[in-house]
Each structure stands twice: as C-alpha cells, then as structure tokens.
Amino acid sequence: MRQLLFIILILIGSFGCTNPAETTSALSYFDLKGFIDQQIVELNKRKPLVSKQMTVGADKEVVNSTHIDWAKELELFLKADLNKQAYQLSYNISQPTASTYVYTLKQGENLPVKLLKITLDGVSKKPSFVEATLKEENQLFESEKKLLLTCAMRPEGIWLIKTYEISGFQHLTLTDKKTFSVKGEIK
C-alpha cells in the first residue's frame, strides 16, 4: 500500500511541475508583439512630444501632445503580429534582401493580416521599417487598414519609433465608405 501511495505521489509531482522553458513554443514569425510591447514601455517611460495628424473623411485635426496612451495608439500593430496559434503555417515567407522579411497570407486562408513586411536595421538588427495590411470583410462590413512604422536610434542611444501611420477605410453595406488616417511623428 505504501509503495502504491509513493508511486501515485511521484506521478502527481512529475505531471504538476513543468519547466516554463518547455511550455513556451518557438516563434514561427518575427516577434512583432514583443517589439511593440517594448516600445510601449519605453514610450510610456519617456513621454515624448508627438505631432499627430488625424483625418476622417474631409475632417482634419493636428495635435501636439506628450499625453498619449501608447497601448491604445499602437494597438493595431499588436494585432498585426503573426505569432498566434491560429496563424501558424498560414503565411508564405520571403526574404527579398538580407534584412527584409515579407510574410504574405497563403491562398485559401482567411485571416485579417494579409501582409507583414519588416526591414531590420543592418547594425542593431531591430526593425527600422514595418508595414502591414489588415483586411476584414463579410456580407455587412468591409474594412482595410494599412500600417506603417519607422524606427531609428535616438540621440540618447535608445531604439525607438520615429513615425507611425494608420490609414484605411470602413464600409458598412448600408452607409458610405469612411476613410481615415492617423500620422504620428515622435519628436
């Protein structure tokens, strides 16, 4: 009886304790989420001045501010990350240059991220340019968003977003197509 109890305790202990390194899976694509999360932390810490131009249809507004909710501002870039379980094996990968990676949605797949292009800086090996296209459509709704991001080394030695742009349209079947854009430049 004691031996059976001992064996059961060993089995429970071995299944209950797993090494976190064994449970994390390798990333199939560039870790855009990890990069954007790091940028959000750095931007929240630094609170840089941002010149932001917003356009909806014909209406335009320009704002200069240091009070930006970076998680909200860069949310669509997080949505462009391809390292989601449902996205595994859904993209073709090409490398037109040694530092540029292009991920395109495979034919027959129906995911919102249609394209992700990342160009890495030759020295730092961090993204200097990110471009993504997100598109969704069904019988009632169609939307497309183009995302652009440029990054560079700041004078203080930090790799940081320099400019970002989100543009596109939303179209409900019963309404007119609405275009929009947000362009930000970090000073």
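Residues numbered from 1 in each chain as written. Predicted model: local features only at pLDDT ≥ 70, side-chain atom pairs only at ≥ 80, totals over all residues. Heavy atoms only, no water.

**Quick word on the overall build of the protein**
Tallying secondary structure elements over the protein gives 5 helices and 9 strands in all. Taken from the N to the C terminus, the helices and strands of the protein come in the order α-α-α-β-β-α-α-β-β-β-β-β-β-β. When the 187 residues of the protein are sorted by exposure, 31% land in the buried category. Accessible area of the protein: about 12100 Å², with a carbon and sulfur share of 57%. (Helix = DSSP H or I, 4+ residues; strand = E, 2+ residues; numbered from the N terminus. Buried < 20%, exposed > 50% of the residue type's maximum accessible area, 1.4 Å probe, protein only. Areas by Shrake-Rupley, 256 points an atom, 1.4 Å probe, with all protein chains shown as cover.)

**So, the pattern of salt bridges**
Under the counting rule described, the total for this entry stands at 11 salt bridges. A network of salt bridges, in which partner residues are shared, links Glu 42, Lys 45, Arg 46, Arg 154 and Glu 156. (Salt bridge = Lys/Arg side-chain N within 4 Å of Asp/Glu carboxyl O.)

**Observations regarding the environment of Asp 69**
Positionally, Asp 69 belongs in the loop between β2 (59–65) and α4 (70–73). Residue class for Asp 69 comes out partly exposed when judged on its relative accessible area of 48%. Separated by 25 residues in the primary sequence, Asp 69 and Asn 44 place their C-alpha atoms 7.9 Å from one another.

**A short note on the confidence of the model for the protein**
The predicted model of the protein has a mean per-residue pLDDT of 87, with 86% of residues at 70 or higher. No element of the protein has a lower mean pLDDT than helix α2 (residues 20–23), at 32, and none a higher one than strand β5 (residues 113–120), at 98. With pLDDT under 50 throughout, residues 1–24 is counted as low confidence; its partners more than four residues away or in other chains account for 1 contact. (pLDDT = per-residue confidence, 0-100. Contact = heavy atoms within 4.5 Å.)

**A few points about unusual backbone geometry**
Positive phi, normally seen in glycine, also occurs at Leu 89, with a value near 65°. The class of Leu 89 is exposed, set by a relative accessible area of 70%. In the Ramachandran plot, Lys 125 falls in the positive-phi region, its phi being about 60° despite a non-glycine side chain. Among the structural elements, Lys 125 can be located in the loop between β5 and β6 (127–137).

**Notes on the sheet that holds β2**
Across the sheet, which stays open at both edges, the 9 strands sit in the order β2-β1-β9-β8-β7-β6-β5-β4-β3 with antiparallel pairing between neighbours. Because the sheet does not close on itself, it has two edges, and the strands there are β2 and β3 (91–97). Neighbour-to-neighbour, the strand axes of this sheet turn through a mean angle of 10°, independent of strand direction. As defined by bridge partners, β3 adjoins strand β4 (residues 100–105) across 5 bridges and the pair is classed as antiparallel. Its bridge partner being in β4, Ile 93 is matched across the sheet by Tyr 103. On the sheet, helix α3 (residues 32–46) packs against β5, β6, β7 (141–153), β8 (159–172) and β9 (178–186) and is oriented at approximately 115° with respect to β8. (Pairing = 2+ DSSP bridges. Axes fitted to C-alpha atoms, helices over the stretch in contact; angles between N-to-C directions.)

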